[in-house]
Amino acid sequence: MPVLLVVLGILLFGFLIAIHEFGHFITAKLAGVRVNEFSIGMGPKLWSKQGSETLYSLRLFPIGGFCAMEGEDEDSDDPRSFPKAKAWKKFLILAAGAFMNFVAGLLIFVLLAASSPWYITPVVAGYLPGYDPDPASPRLEMGDRILAVDGNPIFVGEDVSLFFNRGDDDLDLVVRRNGKRVVLKDVYMPFYRCDGDLVRGIQLSPNNTTLFSALCKGWGDSIDTVRLVWLSLGDLFSGTVGIRDMSGPVGIVDMMGQTVQRSENAGTAAYNVFYLVAFIAINLAVMNLLPIPALDGGRIFFLVINLIYTAVTKRKLDPKYEGVVNTVCLVALLGLMVVVAASDILKLFGR
């Protein structure tokens, strides 16, 4: 794996984590919570400057950063400490990191869409050569805009291939035909081989990019990525995929390298790498909001549990319980990361 790609991967992950922590930082400031230190990078300090109440620092290792709020990890009598903030302020502060990751991914997707002169729409342009649809089955017609496949809404043209690939030979489709919404049940569209690939047999129409379409395409790609995360989690829990199919930083950097090598030119390589970065940014946003202790979503979950417990018992939940659960889950999460990293390294050596 080229050293340059490793450095690039570290910087990109560092950027996404720093953006995440900046979300916590700026929201805490706006909410009136005291921030003791905001750091870009980890490890020994390279530079620091003391503000009116916050220490701003730049650290040696470009692998993220942190936002240290008063009372976040220790007891504090400061009325502006994080534990003493109102529940809605805590919620906004905790969710702001994931929100910033989502916004970063959205902006990259919009810029990528705007950089391309055309994009694929979910509109049927015709059938591929050699494809012979069953005349007894309902069929797609030229000009049909595909709205849903097997109950899954279609946000962007690429969604059609995604859900075609996940479906059986008989598909339930919803299309807009001549301005009307039409439901097509049990459309027989088996895979067939075309130029060495297994495909369904329809062609989709390209369209010229405009500012409005770039915004719509970027938003569609972002929402689609959120859905892909949920689909992947569903596949993981159902056993469709396993630990070996998961990738951590090592696997993602390797994937980035393969993406660069397979790209036709530098422009295509840059496009593909930034598409991957946007995809990872939104993945981080969704995963971080899962109700798993040690993640922001877990802290939000405990925030809600504490509100319910206080409303019922008129007492606050002892913070030590959250601390114990967070510690146990953090250890388990770190263990999973080690397993995934080991799997990624073994895959690099073809094992």
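All of these numbers come straight from a predicted model, not from anything done at the bench.

Caption draft 1: Spatial organisation of a nonpolar patch on the surface. Taken together, the side chains of Ile 10, Ile 40, Met 42, Leu 46, Trp 47, Leu 58, Leu 60, Phe 61 and Ile 63 define a hydrophobic patch exposed on the protein surface, amounting to about 800 Å² of accessible area. Relative to the helices and strands, Phe 61 resides in strand E2 (residues 55–69).

Caption draft 2: Layout of the nonpolar core. By size, the foremost hydrophobic cluster in this structure holds 21 residues, and its most contacted members are Leu 16, Phe 102, Ile 108, Val 277 and Ile 282. Of all the secondary-structure elements, those providing two or more residues to this core are helix H1 (3–30), helix H2 (87–115), helix H4 (211–238) and helix H6 (266–288). Broken down by element, this core gets its largest block of residues, nine residues, from H6. Each residue touching Leu 16, except ones within four places of it in the same chain, is listed here: Asn 101, Val 277, Ile 280, Ala 281 and Leu 284. One finds Val 124, Val 187, Met 189 and Cys 194 within the second-largest nonpolar core, a separate group that totals 20 residues.

Caption draft 3: Structural detail: the packing of aromatic side chains. Enumeration according to the criterion identifies eight aromatic pairs in this entry. Between Phe 25 and Tyr 56, the ring centres sit 5.9 Å apart and the planes meet at 80 degrees, which makes this aromatic pair edge-to-face. On the criterion of sequence distance, the pair formed by Phe 25 in helix H1 and Tyr 56 in strand E2 is long-range, its members being 31 residues apart. Measuring from ring centre to ring centre gives 5.0 Å for Phe 109 and Tyr 275, while their planes differ by 70 degrees; the resulting arrangement is edge-to-face. Of the two residues, Phe 109 sits in helix H2 while Tyr 275 sits in helix H6, which places them 166 residues apart along the sequence. On the basis of relative accessibility, which here comes to 1%, the residue Phe 109 falls in the buried class. Its relative accessible area of 31% is what places Tyr 275 among the partly exposed residues. Site record: aromatic cluster; members linked through ring pairs are Phe 22, Phe 25, Phe 38 and Tyr 56. The ring of Phe 82 has Lys 90 lying over it, and the distance from NZ or CZ to the ring centre is 6.0 Å.

Caption draft 4: A look at the pattern of salt bridges. All told, the structure shown has 12 salt bridges when counted by the stated rule. Arg 80 serves as the salt-bridge partner of Glu 53, at 2.7 Å between the closest nitrogen and oxygen. With Glu 53 in the loop between strand E1 (35–50) and E2 and Arg 80 in the loop between E2 and H2, this residue pair connects regions lying 27 residues apart in the sequence. Owing to a relative accessible area of 17%, Glu 53 belongs among the buried residues under this scheme. Note that Arg 299 and Glu 72 form a salt bridge whose closest N and O atoms lie 3.0 Å from each other. With Arg 299 in helix H7 (residues 296–313) and Glu 72 in the loop between E2 and H2, the pair connects residues that are 227 residues apart, well separated along the chain. You can call Glu 72 partly exposed: its relative accessible area is 21%. Where salt bridges share partners, they join Lys 29, Arg 34, Glu 53, Asp 78 and Arg 80 into one cluster.

Caption draft 5: Here's a closer look at the packing of helix H3 (residues 158–166) against H4. Direction vectors running N to C along H3 and H4 enclose 20 degrees, while the axes themselves pass 11 Å from each other. Taken together, the axis directions place H3 and H4 in an arrangement best described as roughly parallel. Read as a crossing pair, H3 and H4 show a hand that is left-handed. Two secondary-structure elements touch here, H3 through Glu 158, Asp 159, Leu 162, Phe 163 and Arg 166 and H4 through Lys 217, Asp 224, Arg 227, Leu 228, Leu 231 and Asp 235. Looking at side-chain class alone, the contact of H3 with H4 contains four nonpolar, no polar and seven charged residues.

Procedures and definitions
- Residues numbered from 1 in each chain as written.
- Predicted model: local features only at pLDDT ≥ 70, side-chain atom pairs only at ≥ 80, totals over all residues.
- Heavy atoms only, no water.
- Patch = residues over 30% accessible without salt bridge, like charges linked within 9 Å, V, L, I, M, F, W, Y side chains within 5 Å.
- Areas by Shrake-Rupley, 256 points an atom, 1.4 Å probe, with all protein chains shown as cover.
- Salt bridge = Lys/Arg side-chain N within 4 Å of Asp/Glu carboxyl O.
- Helix = DSSP H or I, 4+ residues; strand = E, 2+ residues; numbered from the N terminus.
- Core = buried A, V, L, I, M, F, W, Y, C linked by side-chain atoms within 4.5 Å.
- Buried < 20%, exposed > 50% of the residue type's maximum accessible area, 1.4 Å probe, protein only.
- Contact = heavy atoms within 4.5 Å.
- Phe/Tyr/Trp six-rings, centres within 6.5 Å; stacked < 30°, edge-to-face > 60°.
- Lys NZ or Arg CZ within 6 Å of the ring centre and 35° of its normal.
- Axes fitted to C-alpha atoms, helices over the stretch in contact; angles between N-to-C directions.
- Parallel < 35°, antiparallel > 145°, perpendicular 65-115°, else oblique.
- Left-handed = near helix turned anticlockwise from the far one by under 90°.
- Nonpolar A, V, L, I, M, F, W, Y, C, P; charged D, E, K, R; others polar.

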